[in-house]
Amino acid sequence: MAVRRRRRGAAAPPEPPARSGRRPRRLSGRRAGAAMGRAPLLLLLLVATAGRAGVSAAGGPEVHSLRGSWRLGNGNGSVVLRGEVPGCVHTALHRRGLIQDPYYRFNDVMYRWISLDNWTYSRTFKTPFDIRKWQKVNLVFEGVDTVAQILINNITLGRTDNMFNRYSFDITSVIKEVNFVEVRFLSAVSYAAEQSRCHKAYSIPPACPPPVQKGECHANFIRKEQCSFSWDWGPSFPTQGIWKDVRIEAYNHYHLIYFSLTSFFVKSAQQWSLEIESIFDVVSSKPIAGLVTVNIPKLQTQQTFGVKLQPGEGSIVLLVNINKSSAVEAWWPNGHGKQTGYNMTTTFIMEAGYQIEKFSKAYFRTVELVQEPIPGSPGLSFYFKINGRPIFIKGSNWIPADSFQDRVTYDTLWLLLKSAADANMNALRVWGGGVYEQDEFYNICDEIGIMIWQDFMFACALYPTDQNYLESVRAEVSHQVRRLKSHPSIILWSGNNENEAAIASNWFSIPYADREVYIKDYVLLYVKNIREIVLTEDKSRPFIASSPTNGLESVKEGWLSQNPYDTHYGDTHFYDYSNDCWNWTVYPKTRFASEYGFQSWPSFSTIEKVSSTEDWSYTSNFSLHRQHHENGNDQMLQQIGHHFKLPQSTDPIKKFKDTIYLTQVMQAQCIKTETEFYRFSQSEIIKGEGHTMGALYWQLNDIWQAPSWASLEYGGKWKLLHYFAQNFFAPLLPVAYEDKDVLYIYGVSDLQAEHKLTLRASVSQRDDVYIFVLQTTAIAPFVSLDVGRIKGRFSDNGFLMTEKKKVVVFYPWEPTSVEELEESLTLTSLVDVV
Ligand code: BMA
């Protein structure tokens, strides 16, 4: 495992990698460096698009940001404050001291009023340019959360109803020298309820979440982060706000709104090629001709194309063949090779208007989802080949890192994603009940080799398919695919989370006679709309309609298989809280385990921040309140009871801490057993089952401080499970298990070459890390080190100490000292639990 060292004394925030990206550059007077290439492949497609910002250059578009402080008021004007944009009402109120930390104790229900009110963001701004000089001026919102009326100078520009869309309003005829812009929100909760009431023909379940989640109803009627209405690990905070960038853009002639790259390997020619798509808004009444030059210096590749931009919105697609004599280094997932990317410049020199130079990074990798017969097993395989090589997918599931997206910074993402890579993960699934993550998330994944299974944002529910709803979803899907498809980290598009299973297993008790209506809706939404758009927009990666699914078998059965959990096809989700988790025979020998997990409590230092003394017991109102999974706290104790003695201390806080510790030990041990089972099932078929090629446990991260399936606590602290993951996801793994008195030992390897290993347990002291030397006089199982609120992680944790001495390294994420660490350190092992 590679750990970056930190300089002595320096603050040690998570280290951002070198960022790729686009730089605006002036281009006056420059000419295309190459002659016109041979007959360029030129496609002119007209596509409806919401648009995306391009890069300005001399004479190029004028961009004026409307980020910053806006006036924010509630429905009846009794609350007025300043609110930051991007941001939301909750964080604005908190920042002004008008409410406490929304995560503190029971504030999620105390502050329900915030989401039930209708808030308005407004501000005035001076137009910073001469309006008469521009043919078109747009007001662009990269993200509005969610239902709002948008006005400028008291003129309604339009309405928004989808937080995953990008909205661009033409304000050419209404913009003045001084302007007043308003975003009048409607409560997402009231809107969803109203939409459900209007859907009279038949109900679309579920109506409400289970009471234990203390959430809001009808989340499926609004295109908004589904878990913001509560989830079984998360609170209900249905936010309102302008959650992404907002700006004015003015341009003449044409404007580049999306620019994307996808790579292909052409087998017949044994050559890499790049597909470059540029989507323009052309405001001139006549076509605009010009030259586009693509240059990738390191690959000695330069090609020039003649293009013609037609009036209106449309795209040009260029195919660049990479020079065959240059050795292209492919992009590889973590643990399989480097994440090489090549600097690339694309220059648009047009006969009218300005010139554009785009700087981007070109990555080369292929992905195949292999579903083919396996000798000795009924059904089909389900595994990924990256650059032609079968890869065992190791990792977890990603949920939103905060209920308030404006609090998710680059550093938050870096810390969580780097922790995933440090635990030997090579993949994460961006789960469908959250959000399409911000660009930085995917940039980091590109750079550290984390493959992304990308769900569309639909989860655990049925959804409407009326015309307005479908139009909104269609715009959302086009926008998100265009925004994200350049990322080599994304290896799969998946239509939804568990909605095939919800219909197949009849979660919502739909009478048999009514089933057809829901099946029709399902196929209409995920297949005839989402899939169609994905296939048009992106031919470089596979699509599946749902997770879990039987893949091609589901397709054969009309996109809804009888049993999407079939171990002979596709992927499975598996949860079992009652059986002893050390008993590997309870686990499904599946083709691909995309979800499985057990809960635990986050550490005391994390809970402490959002609770008070009377909350510190396992049976307090607080502990019950934070548990959103029915019976979850009891299930953990029951699972612990299979192997450990339950805490008995008469000191209530000691008892609480012991219990927290044991939930973490239990969770780590359970998921280790299950993951090892999946890993050793990779190369065998037993009774027709096996050939498992993926293990993504549920879930990587937390949205707040509460019991959940996560291995990383809110704030990033590693639970014992995450330390275990580092070991059970190691590239070389010995696994021992017993079956009917026979001890089987497997050597599991993800490596391509054979390896001879010599073990050495040697650690040397460095200036920027801290060394802990542990000593024991007896065998100590599940030794846990905890330094409370000090941010950082250990090299190992939750281990069995059989030797007298063990050295553990602490990597701080913030400046700290030996004294501070000594003061905060607590050591627990199983023998300390009373
Ligand atoms: C799976 C997920 C989530 C849920 C988790 C734990 O079904 O898709 O919906 O949080 O189980 O119950």
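Residues numbered from 1 in each chain as written. Predicted model: local features only at pLDDT ≥ 70, side-chain atom pairs only at ≥ 80, totals over all residues. Heavy atoms only, no water.

Caption draft 1: Representation of the overall build of the chain within the structure. Secondary structure summary: the chain contains 16 helices and 41 strands in total. Taken against the 2.2 N^0.38 rule, which gives 28 Å for 834 residues, the C-alpha radius of gyration of the chain at 27 Å falls within 12% of a compact globule. Looking at the chain residue by residue over its 834 residues, the buried ones come to 60%. For the chain, restricting intrachain contacts to residue pairs at least 6 apart in sequence, the fraction spanning at least 24 positions comes to 72%. Accessible surface, the chain: about 33,300 Å² in total, of which carbon and sulfur atoms supply 51%. Side-chain charges in the chain split into 86 positive and 85 negative, and the spacing between the mean points of these groups amounts to 7 Å. (Helix = DSSP H or I, 4+ residues; strand = E, 2+ residues; numbered from the N terminus. Rg over C-alpha atoms; globule rule 2.2 N^0.38 Å. Buried < 20%, exposed > 50% of the residue type's maximum accessible area, 1.4 Å probe, protein only. Contact = heavy atoms within 4.5 Å. Areas by Shrake-Rupley, 256 points an atom, 1.4 Å probe, with all protein chains shown as cover. Lys, Arg positive; Asp, Glu negative; His and termini not counted. Charge placed at Lys NZ, Arg CZ, Asp CG, Glu CD.)

Caption draft 2: Highlighting the site of the ligand. All residues in the neighbourhood of the ligand are listed as Trp231, Asp232, Trp233, Trp431, Cys460, Asn497, Glu498, Tyr575, Glu595, Trp698 and Trp709. The contact in question runs from an oxygen atom of the ligand to an N or O atom on the side chain of tryptophan 431, over 3.1 Å. Burial of the ligand by the surrounding chains reaches 91%, relative to a free accessible area of 300 Å². Residue classes in the shell around the ligand are distributed as seven nonpolar, one polar and three charged. (Near = heavy atom within 4 Å. Polar contact = N/O pair within 3.5 Å; in protein donor to acceptor, adjacent residues only side chain to side chain. Nonpolar A, V, L, I, M, F, W, Y, C, P; charged D, E, K, R; others polar.)

Caption draft 3: Representation of the state of the cysteines in the model. Applying the stated rule across the entire model yields two disulfides. The partner cysteine of cysteine 208 in its disulfide is cysteine 217, sulfur to sulfur 2.1 Å. Between cysteine 208 and cysteine 217 the disulfide shows an S-S torsion of about 100°. By sign, it is right-handed. Judged by its relative accessible area of 23%, cysteine 217 falls in the partly exposed class. Through a disulfide, cysteine 581 is tied to cysteine 670; the S-S separation comes to 2.0 Å. Because the torsion about its S-S bond is -80°, the bridge between cysteine 581 and cysteine 670 counts as left-handed. Taken together, the positions of cysteine 581 in the loop between strand S29 (572-574) and strand S30 (593-596) and cysteine 670 in helix H14 (residues 652-680) put the pair 89 residues apart, joining distant regions of the chain. You'll find cysteine 581 and cysteine 670 in the same group, each marked buried. Counting only the cysteines that form disulfides, in the order they appear in the chain, gives the pairing 1-2, 3-4. The thiol sulfur of cysteine 88 is not disulfide-bonded, and the nearest other cysteine sulfur, from cysteine 227, lies at 13 Å. (Disulfide = S-S within 2.5 Å.)

Caption draft 4: Summary view of the pairing of strand S16 (residues 288-296). Of the pairings in the sheet, the one linking S16 to strand S17 (residues 301-309) comprises nine bridges and is antiparallel in character. Bridge pairing in S17 places leucine 291 opposite glycine 306. Between S16 and S17, which pair antiparallel in sequence order, lie four residues; one of them, glutamine 300, sits at a positive phi of approximately 45°. In the sheet, S16 pairs with strand S19 (residues 342-350) via six bridges, with the strands oriented antiparallel. Each bridged residue has a counterpart across the sheet, and for valine 292 the counterpart in S19 is phenylalanine 348. (Pairing = 2+ DSSP bridges.)

Caption draft 5: View of the sheet that holds strand S23 (residues 389-391). Pairing in this open sheet of three strands is antiparallel, and the strands run S21-S22-S23 from one edge to the other. Among the strands making up the open sheet, the edge pair consists of strand S21 (367-370) and S23. On average, each strand axis in the sheet is tilted by 35° relative to the strand beside it, whichever way the strands run. Pairing geometry for S21 and strand S22 (residues 383-386), over four bridges, is antiparallel. In the sheet register, glutamate 368 faces S22, and the bridge partner there is lysine 385. (Axes fitted to C-alpha atoms, helices over the stretch in contact; angles between N-to-C directions.)

Caption draft 6: Broad picture of the pattern of salt bridges. If you walk through the whole model with that rule in mind, you get 34 salt bridges. Within this structure, Arg67, Glu142, Arg166, Asp245, Arg247 and Glu249 form a network of salt bridges that share partners. (Salt bridge = Lys/Arg side-chain N within 4 Å of Asp/Glu carboxyl O.)

Caption draft 7: Structural view of the nonpolar core. Counting residues in hydrophobic clusters, the biggest one holds 151 residues, and the most contacted among them are Trp398, Phe456 and Ile530. Per-element accounting of this core gives the leading share, 12 residues, to H14. Excluding residues that lie within four positions of it along the chain, tryptophan 398 makes contacts with Leu413, Leu416, Leu417, Leu428, Arg429, Val430, Trp431, Glu437, Phe441, Leu700 and Asn701. Ranked by size, the runner-up nonpolar core spans 48 residues in total, among them Leu261, Val292, Leu318 and Tyr354. (Core = buried A, V, L, I, M, F, W, Y, C linked by side-chain atoms within 4.5 Å.)

Caption draft 8: Focus on the packing of aromatic side chains. Under the criterion given, the structure shown has 64 aromatic pairs. Judged by centre distance (5.7 Å) and plane angle (70°), the ring pair of tyrosine 254 and phenylalanine 280 falls under edge-to-face. In this pair, tyrosine 254 is assigned in strand S14 (residues 254-266) and phenylalanine 280 in strand S15 (residues 271-282), connecting sequence segments 26 residues apart. Three or more aromatic residues joined by ring pairs form one cluster here, namely Phe574, Trp584, Tyr587, Tyr596, Phe677, Tyr678, Phe680, Tyr737, Tyr744 and Tyr746. The ring of tryptophan 243 has lysine 244 lying over it, and the distance from NZ or CZ to the ring centre is 4.6 Å. Between the NZ or CZ atom of lysine 657 and the centre of the ring of phenylalanine 604, over which it lies, the distance is 4.6 Å. (Phe/Tyr/Trp six-rings, centres within 6.5 Å; stacked < 30°, edge-to-face > 60°. Lys NZ or Arg CZ within 6 Å of the ring centre and 35° of its normal.)

Caption draft 9: Molecular detail of helix H9 (residues 515-537). For H9, built from 23 residues, the straight-helix expectation of 33 Å at 1.5 Å per residue is met to within 8% by its first-to-last C-alpha distance of 32 Å. For H9, the principal kink sits at arginine 531 and spans about 30°. (Expected span 1.5 Å × (residues − 1). Bend = angle between axes of the 7 residues up to and from the residue.)

Caption draft 10: Looking closely at the environment of isoleucine 222. Among the structural elements, isoleucine 222 can be located in the loop between helix H4 (188-198) and strand S11 (229-231). The class of isoleucine 222 is buried, set by a relative accessible area of 0%. Sequence spacing of isoleucine 222 and valine 147 is 75 residues, and the spatial spacing of their C-alpha atoms is 8.6 Å. When sequence neighbours within four positions are dropped, the list of residues in contact with isoleucine 222 reads Thr146, Val147, Ala188, Tyr191, Ala192 and Phe229.

Caption draft 11: Spatial organisation of the environment of alanine 327. Checked against the element boundaries, alanine 327 lands in the loop between strand S18 (312-321) and S19. The residues contacting alanine 327, other than those within four sequence positions of it, are Leu299 and Tyr342.

Caption draft 12: Fine view of the sheet that holds strand S6 (residues 136-141). Spatially, the four strands line up as an open sheet ordered S2-S13-S6-S9, and their pairing is antiparallel. Every interior strand has two partners, whereas the edge strands, strand S2 (62-65) and strand S9 (167-170), have only one. Adjacent strand axes in the sheet meet at a mean angle of 20°, parallel and antiparallel pairs treated alike. Pairing of S6 with strand S13 (residues 246-251), which is carried by six bridges, proceeds in the antiparallel orientation.

Caption draft 13: A look at H14. With 29 residues, H14 should cover 42 Å at 1.5 Å per step; its first-to-last C-alpha distance of 42 Å lies within 8% of that length. Buried residues dominate H14, accounting for 23 of its 29 residues.

Caption draft 14: Geometry of the packing of H14 against helix H15 (residues 720-728). At their nearest, the axes of H14 and H15 sit 8 Å apart, and the two run at 25° to each other. The angle between H14 and H15 falls in the class roughly parallel. The two elements H14 and H15 meet at a crossing, and its hand is right-handed. For the pair H14 and H15, contact is made by Tyr661, Gln664, Val665, Gln667, Ala668, Gln669, Ile671, Lys672, Thr675, Glu676 and Arg679 and by Leu720, Leu721, Phe724 and Phe728, respectively. A per-class count over the contact of H14 with H15 returns eight nonpolar, four polar and three charged. (Parallel < 35°, antiparallel > 145°, perpendicular 65-115°, else oblique. Left-handed = near helix turned anticlockwise from the far one by under 90°.)

Everything listed is a geometric property; what it means functionally is a separate question.
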